[in-house]
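# Structure assessment
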Amino acid sequence: VCFPSPGMHNRRRKATAGEAVPAIREKARRVTELLKKLSKCRAEGATGDDAALQLTQRLIEINPDFAFVWNFRREIIRTLLKQGPESDVTEDEGGGTGGLLCDELSLLEGALSQSPKAYCLWFHRWWTLLMQGVGRDLGRELDL
């Protein structure tokens, strides 16, 4: 039987300090601006664009809980994988861990440390591992 921790439920949220309000408003303004740019990219069909990939990364760094950003990011990665040779995007020339999919796993590790309970992050990590194929150190994945 699993019971919720008594320290996390039924607690009132603390009021935001007066000096934190401008920072929150600035963050909200940046997120809104980036979301408008992302919406424009998607409307224009820029799914194979490196700039769109960078835009999604900036949004994820601010707030990794946007599921639709991860969905668009998967579309971009699929397009990029189809455009380039498999070796260029999955591993570097020395057989190391460079490339698009390995960079994606690194981005996900940072996002998961920021928001470990976000389902969309875990789903995207699972998808990235599937796209990468066999050969990943699964012990490392289990440690996350």
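Here is a short report on the structure shown in this document. What you see is a predicted model, and the numbers here were worked out from it, not measured in a lab.

The rules behind each value
- Residues numbered from 1 in each chain as written.
- Predicted model: local features only at pLDDT ≥ 70, side-chain atom pairs only at ≥ 80, totals over all residues.
- Heavy atoms only, no water.
- Helix = DSSP H or I, 4+ residues; strand = E, 2+ residues; numbered from the N terminus.
- Expected span 1.5 Å × (residues − 1).
- Buried < 20%, exposed > 50% of the residue type's maximum accessible area, 1.4 Å probe, protein only.
- Contact = heavy atoms within 4.5 Å.
- Salt bridge = Lys/Arg side-chain N within 4 Å of Asp/Glu carboxyl O.
- Axes fitted to C-alpha atoms, helices over the stretch in contact; angles between N-to-C directions.
- Parallel < 35°, antiparallel > 145°, perpendicular 65-115°, else oblique.
- Left-handed = near helix turned anticlockwise from the far one by under 90°.
- Core = buried A, V, L, I, M, F, W, Y, C linked by side-chain atoms within 4.5 Å.
- Nonpolar A, V, L, I, M, F, W, Y, C, P; charged D, E, K, R; others polar.

### Some details on helix 1 (residues 21-43)
Across its 23 residues, helix 1 extends 33 Å between first and last C-alpha, which sits within 8% of the 33 Å expected from 1.5 Å per residue. By the burial criterion, the buried members of helix 1 are V31, L34, L38 and C41. As for helix 1, its buried residues are in contact with helix 2 (50-62) and helix 3 (67-83). Of the residues one or two after helix 1, G45 is the one with positive phi, at around 75 degrees.

### Some thoughts on the pattern of salt bridges
Throughout the structure, instances matching the rule amount to six salt bridges. Here R29 and E26 are joined by a salt bridge, their closest N and O atoms 2.5 Å apart. Of this pair, R29 and E26 both sit in helix 1, three residues apart, roughly one helical turn. Here E109 and R125 are joined by a salt bridge, their closest N and O atoms 3.5 Å apart. Pair noted here: E109 is in helix 5 (residues 100-114) and R125 is in helix 6 (residues 119-132), with a separation of 16 residues, a long-range link. A single salt-bridge network, built from bridges that share partners, covers E26, R29, E33 and K37.

### Here we look at the packing of helix 3 against helix 5
Across the interface, helix 3 lies against helix 5 with an axial gap of 11 Å and an inter-helix angle of 165 degrees. Classified by the angle their axes make, helix 3 and helix 5 are roughly antiparallel. As for the relative orientation of helix 3 and helix 5, their crossing is right-handed in sense. The residues of helix 5 that touch helix 3, namely those facing W70, R73, I77, L80 and L81, are L100, L101, E104, L107, L108 and A111.

### Thoughts on the nonpolar core
The nonpolar side chains of a soluble globular protein tend to be buried with one another. By size, the foremost hydrophobic cluster in this structure holds 31 residues, and its most contacted members are L59, W70, I77 and L121. Among the elements of the structure, helix 1, helix 2, helix 3, helix 5 and helix 6 are those that each provide at least two residues to this core.

### A closer look at the packing of helix 1 against helix 2
The N-to-C vectors of helix 1 and helix 2 enclose an angle of 150 degrees; their axes lie 10 Å apart at closest approach. Regarding the angle of helix 1 to helix 2, the classification is roughly antiparallel. Handedness of the helix 1/helix 2 crossing: left-handed. When helix 1 is examined against helix 2, the residues K27, R30, V31, L34, L35, K37, L38 and C41 are found in contact with a partner set consisting of A52, L55, T56, R58, L59 and I62. Of the residues belonging to the contact of helix 1 with helix 2, the class tally is nine nonpolar, one polar and four charged.

The values are spatial; any link to function lies outside them.
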